[in-house]
Amino acid sequence: MGIDRDTVHYVAGLARLRLTEQELDELTDTMGTILEYVDKLNELDTTDIEPTSHVVDISGHLRPDRVEPGVTQEQALANAPDTKDGLFKVPRIIEE
Amino acid sequence: MSYETVIGLEIHAQLRSASKIFCSCSTEFGAEPNTHTCPVCLGMPGMLPVLNREVVSMALKAALATGCTIPPRSVFARKNYFYPDLPKGFQISQYDKPLAEFGSLTIDTGDGPKRIGITRIHLEDDAGKNIHGENDADRAFSFVDFNRTGVPLIEIVSEPDLTSPEQAAEYLREFRRLVRYLDICDGNMEEGSFRCDANISMRPAGQKEFGVKTELKNMNSFRNVQHALEYEIHRQVDILESGGRIVQETRLFNADTGTTASMRSKEEAHDYRYFPEPDLLPLDVDRAWIDSVKTEMPELPRDRQQRFQKELGIPPYDAGVLTSEKPIADYYEAVVKAGADPKAASNWVMSEVLREIASHDQLPGFNVTPKNLAAMIGMIDSGAITGKIAKTVFAEMAKTGDAPDKITEREGLSVIADTDALAEIADQVIAANPKQVEQYRAGKEKVFGFFVGQAMKATGGKADPKALREILLTKLRG
Amino acid sequence: MDLWRLSIREVAGLLAAREIGAVELTRAMLERARDLDAELKSFILLEPESALRMADAAQQLIDDGKAGPLTGVPLGVKDIFCVPGSPTTCASRILQGFVPFYHSTVTERLEQAGAVFLGRTNMDEFAMGSSTENSSRGISANPWDTSKVPGGSSGGSASAVSACQCFASLGTDTGGSIRQPASLCGIAGLKPTYGRISRYGIVAYASSLDQAGPLARSVADVAIVLQAIAGRDPKDATTADVPVPDYLAACDGNIRGLRIGIPEEYFAEGLDPQVEQQVRQAIDVLAEQGAQVQPVSLPHTEYSIASYYIIATAECSSNLARYDGVRYGLRAEGRDLLETYTATRSQGFGREVKRRIMLGTFVLSSGYYDAYYKKAQQVRTLIRNDFLKAFERVDLLATPTSPSVAFGIGERIEDPLAMYLSDVYTTSVNLAGLPGLSLPCGFADNLPVGLQLIGRPFDEAALLKTGEAYQRSTDHHLKLPPAAQSSGGRE
């Protein structure tokens, strides 16, 4: 099963990617090929097989409720493209 | 055609652990922006969440208090979407395997108690704060503070069992009381530690299927929740009665206008693409953990309220006020345990005590110990001080923390019951007011109160009222 | 004496005995790395200032009598590990200018052990690729033939070690990204058991598959580096509380009675006959050393690539959502928030990364989750069970690492699926969470061939022991590539 152009466009929106027309065509093609390939998984009967989401079989490590020093405001903002008054500054969503 | 209201509520309660759910940053409210952060809650590259054990215990308390089933294993899941206050680009929540499910909360309605089903309770991390720019320079921008990112939340989803806005408000009040009793959340809607979204639909009376529901957001007080629902009922009924159809959408409540408006969804309805969080192993909650949490559970507020009525014989109104906050209920019960009559103690706590302390947070610094209050009530009972004087004694206890008998002695507030002393005062008052004496003897019985008042004043309120009345009566008639 | 030829044990010994100084060694290696990089481009960035500082600190440790097995030893670090003060870009434009102020646990442990970081090695962008051609910082070359790829995604780490630009390097492996480049470059590379090594501070690609690991010229050297970095980390909830054995001590050269399984599915269609020959010869050597070789079957092998590419892309689509231009890295301005997001991500991510994000987003999206993601995870269970069942009868498995030797730069880059299929022998190991070691076992067309050993969970010791025993009676790992010898006469 391949994939149609509209779906690719929709997925790009979900992923916050802007594709040129050419990229859209290429991706539709490539994704189609790959999805057709992975379809082979349907050759397998997986009824009643538990999905594996973790391959390490230990009980999860929890931490105690203790406050540890984090970073300073300066460090938190150190890599930010734009800040103001200790806050991260971003453009607004137009329709709000 | 008459319509039935169907309401379900989603509560998000911030758990008051010291550190965040997945990192060790402080959860304290009100700090300078971006000062309670670390690479983990900032969503920096390579960072990983590690679950806070105490947060789970707190959530378990909520689950136990609502009689939920707690499966031995629950799983965290990523809820993926983009927003500036969501640093990882996903929230860590729980999806098809939540911490707890199938519980309930009982509320009081005009028609008696009603059981509201709770579908599920699950854990998740809070997002940061997105502040929209105000002045001209900043209007095109948003400003983000990540202090709140990673503060632990429990989400409690109710069944659509609520059938009126009043019930919805009552459910919220009851839940808030509960989480404060459990000491897991401070229930502050204005500060955002206790939030609520509502789902509401209308259906023709008697119909089994639900109508189309709308989701309401942006209600930051119980009153606003009620108003929003009331408005929405009217809006939906109007549409239905004119033959229209309800659009399934999210609507924001505007507190200024009291109306709801459609949140023109800027993108597609969210496709959150939930999948199990690979960085967190499934959470195993065993019997031992549940049992240990059970030992930390207080008596639940509703149970306590009913016990006060049954065992202490105080009326429902009193029981409600006294159990509204656990520290107040604790205080009241301590006064009763120290020997005070439950109803008298109730009166004093509901009026004088609550007047002194604006909120239960001030109880620790409140100088009137339960023992002292009980002793004072005992002194009124035995006639050692008058009810009126007791108010003075109480005020002095609140100021100094001293015992009532010490204060009474020190300030000379003991009741004057000595008949000779009272007789003397009575004589003085009678002698000083011949006109009123004449009026009384002429048959104007109401004037008696004037003499009582004057005599009381002359004794500084300390005269034993019964003895004083007898003596005055005798002398005036005499 | 060409110091750069030495093993870690040898050079660490000289340092500890103060026959050479840490600073002079680091200086010499920096110079060599720079010289050879004109042709190889193993490094995105050499960091002389911080390297010499680390060398100083190492010398201090040595002078205080606190030298350890890695003190003063210059290493290469894949550009995916966060090191404080060191630009960490994952070879991506979207992380341009990002300088972490925190350490990954792995690099922190190495720094504490007194190791020296020469610089950031090249990689496929965000670890996605099998050739290092997806780097936004240039293409690395295979030291055995500079017209060929070094493999990927840890290609720079592999070429740097292969050309003796450093004594070992750190890489990461999600679907083969340590083992395959090690194989193509003729060196040893280990992907440890999932949960053996902390992922804290390593830029995440696919969280349930990623593992960091060492690359070095000998298995013994790999063991030394592994020793320094293995073990539980409270900052990574997926690390296991399993004790860390003494890996070098386990390498006692005796593999008598060791049961080695040969999975028939790994010797089927698609495997280059010359590669197969070298691998089978290597297995014969192991048999001569006393191992018991027997055939086994891992019937679901052919489904591992499909399963891998669904799970890995799904997880990466989520892990890479944080690159939005808000808090760090590239921001491409747009008129509003949405435009800023899309412009940043579209400009910042390369082609392959976009491809995988798209694929991953799709397989998780509403309506497709069960058919793709859930299905892939169920197949993952089948694949893992295949291994666990085989390990009831054998102690480890021996296979080729890669179906071919190094391919030409530019040869497969336009055919993503063909590129994916070159991971056929490595991806199932990540899916099952098992440890895998690649070591050189011969040559085909003058290019290195790699033997892969796969072990039980947390049994790195068996792999290292077997590999080291093999290297006692063979000399493939001692051969130097042409590029290593063309140091321009400096030494």
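Asker: A description of the interface of chain C and chain A should follow, citing residues and the corresponding values.
Answerer: With 65 residues of chain C at the interface, the matching set in chain A holds 50 residues. Inspection of the chain C/chain A interface yields 17 residue pairs in polar contact (both at pLDDT 80 or more). Those elements giving two or more residues to the side of chain C that touches chain A turn out to be α10 (304–319), α11 (337–348), α12 (351–364), α13 (370–390), α14 (416–421) and α15 (427–432) of chain C. It is α13(C) that provides the largest number of residues to the side of chain C that touches chain A, a total of 11 residues. Here the side of chain C that touches chain A is composed, by residue class, of 33 nonpolar, 18 polar and 14 charged.

Asker: I'd like a rundown of helix α11 (residues 404–411) of chain B, residues and numbers included.
Answerer: All names here are of chain B. Looking only at α11, the buried set comprises Pro-404, Ile-407 and Thr-408. Each buried residue of α11 lies within a common arc of 100° when the element is viewed along its axis, so the set occupies one face. In α11, the exposed residues that point more than 90 degrees away from the buried face are Lys-406 and Glu-409. Looking at the buried side of α11, the elements it contacts are α9 (370–382) and α10 (387–400).

Asker: Any details on the interface of chain B and chain C? Residues and values, ideally.
Answerer: Taken residue by residue, the interface counts 29 residues in chain B and 38 residues in chain C. Across the chain B to chain C interface the summed buried area is about 2,700 Å²; carbon plus sulfur atoms make up 63%. For the pair chain B and chain C, the number of links is 1 salt bridge. With a closest N to O distance of 2.9 Å, Arg199(C) and Asp279(B) form a salt bridge. On the surface where chain B and chain C come into contact, there are 13 residue pairs in polar contact (both at pLDDT 80 or more). Looking at the side of chain B that touches chain C, the elements with two or more residues in it are β4 (76–80) and β15 (275–276) of chain B. Classifying every residue of the side of chain B that touches chain C by side-chain character gives 20 nonpolar, 4 polar and 5 charged.

Asker: I'd like a rundown of the domain arrangement of chain B, residues and numbers included.
Answerer: For chain B, the domain assignment lists domain 1 (3–292), domain 2 (301–411) and domain 3 (419–476). The C-alpha centroid of domain 3 of chain B is placed 66 Å from the C-alpha centroid of domain 1 of chain B.

Asker: Go over the sheet that holds β15(B) with me, naming the residues and quoting the values.
Answerer: Sheet strands line up and pair through hydrogen bonds in the backbone, either parallel or antiparallel. Spatially, β5-β4-β15 (chain B) is the arrangement adopted by the 3 strands of the open sheet, whose pairing is antiparallel. The open sheet has two edge strands, β5 (90–94) and β15 of chain B, and neither has a second partner. Bridge count for β4(B) against β15(B) is 2 bridges, and the pairing is antiparallel. The partner of Arg78(B) across the bridge, within β15(B), is Phe275(B). Against the sheet, α10(C) makes contact with β4, β5 and β15 of chain B, and its axis sits at roughly 65° relative to β4(B), the strand it touches most.

Asker: Could you give an account of helix α8 (residues 342–356) of chain B, naming the residues involved and the relevant values?
Answerer: All names here are of chain B. Its 15 residues place the ends of α8 20 Å apart at the C-alpha level, agreeing with the 21 Å of an ideal helix rising 1.5 Å per residue. Taken as a whole, α8 carries its principal kink of about 35° at Val-349. Summarising the contacts, the buried residues of α8 are in contact with α5 (301–312), α6 (316–322), α7 (326–337), α9 and α10.

Asker: Quick one: what's the story with unusual backbone geometry, residue by residue and with numbers?
Answerer: Residues and elements named next belong to chain C. The peptide bond linking Gly-152 to Ser-153 adopts the cis configuration, its omega dihedral lying at 10°. Here Ser-153 is to be found in the loop between β3 (116–121) and α5 (155–162). Notably, Phe-126 is not glycine yet its phi reads approximately 55°, a positive angle. For Phe-126, the location among the structural elements is in the loop between β3 and α5. According to the relative accessible area criterion, Phe-126 is buried, its value standing at 2%. In the Ramachandran plot, Thr-132 falls in the positive-phi region, its phi being about 70° despite a non-glycine side chain. Within the secondary structure, Thr-132 sits in the loop between β3 and α5. For Thr-132, a relative accessible area of 0% translates into the label buried.

Asker: Let's hear about the pairing of strand β5 (residues 188–191) of chain C: which residues, and what values?
Answerer: Residues and elements named next belong to chain C. Where burial is concerned, the two faces of β5 agree: the one with Ala-188 and Leu-190 and the one with Gly-189 and Lys-191 are both buried. Bridge analysis of β5 against strand β6 (residues 211–216) gives 2 bridges, and the strand direction is antiparallel. Paired with Ala-188 across the strands is Ala-216, a residue of β6. Where β5 and strand β10 (residues 436–444) come together, 3 bridges link them in antiparallel fashion. Bridging from a neighbouring strand, Leu-190 pairs with Leu-437 of β10.

Asker: So, the nonpolar core: which residues are in play, and what are the values?
Answerer: If you look at the biggest cluster of nonpolar residues, it comprises 199 residues, and the most contacted ones within it are Leu110(C), Phe126(C), Phe387(C) and Leu451(C). Here this core gets 9 residues from one element, more than from any other, and that element is α10(C). Residue contacts for Leu110(C): discarding those within four places in its chain leaves Leu70(C), Leu75(C), Ala115(C), Phe117(C), Leu170(C), Val225(C), Ala228(C) and Ile229(C). Grouped together as the second largest cluster of nonpolar side chains are 64 residues, Phe22(B), Ala62(B), Tyr171(B) and Ile184(B) included.

Rules behind the numbers
- For every chain, the first residue of the written sequence is number 1, and numbering continues from 1 along that sequence.
- Lettering for chains starts from A, numbering for ligands starts from 1, and both go in the order in which the items are written.
- Totals for whole chains, interfaces and linings use every residue, but because this is a predicted model, local features are given only for residues with pLDDT of at least 70 and side-chain atom pairs only at 80 or more, for both listing and counting.
- With hydrogens and water stripped out, all remaining heavy atoms of the structure feed into the side-chain values.
- The contact definition used throughout considers only heavy atoms, calling two residues in contact when any of these lie within 4.5 Å.
- Between N or O atoms, a polar contact is any pair within 3.5 Å; within protein, one atom must be a potential hydrogen donor and the other a potential acceptor, and residues adjacent in sequence are included only when both atoms are from side chains.
- Think of it this way: any DSSP run of H or I at least four residues long counts as a helix, any run of E at least two long counts as a strand, and we number them from the N terminus.
- Residues are grouped as follows: Ala, Val, Leu, Ile, Met, Phe, Trp, Tyr, Cys and Pro are nonpolar; Asp, Glu, Lys and Arg are charged; all remaining types, including Gly, are polar.
- Relative accessibility decides the category of a residue: with a 1.4 Å probe and only protein chains considered, values under 20% of the type maximum give buried, values over 50% give exposed, and everything between is partly exposed.
- The arc in question is formed by the directions pointing from the helix axis toward the C-beta atoms.
- Summed over both partners, buried area is the accessible surface (1.4 Å probe) that two parts give up on being assembled.
- By definition, a salt bridge exists where a carboxyl oxygen of Asp or Glu is found within 4 Å of a side-chain nitrogen of Lys or Arg.
- Segmentation of the chain into domains, including their bounds, is taken from an automatic or database domain assignment.
- When DSSP finds at least two bridges between two strands, those strands are taken to pair.
- Comment: axis = line fitted to C-alpha atoms, over the contacting stretch for helices; angle = value between 0 and 180 degrees taken between N-to-C directions.
- The span expected for a helix works out to 1.5 Å for each residue beyond the first.
- Here the bend at each residue means the angle between axes fitted to two seven-residue stretches, the one ending at that residue and the one beginning there.
- Definition used in this section: a nonpolar core is a set of buried Ala, Val, Leu, Ile, Met, Phe, Trp, Tyr and Cys residues joined via side-chain atoms within 4.5 Å.

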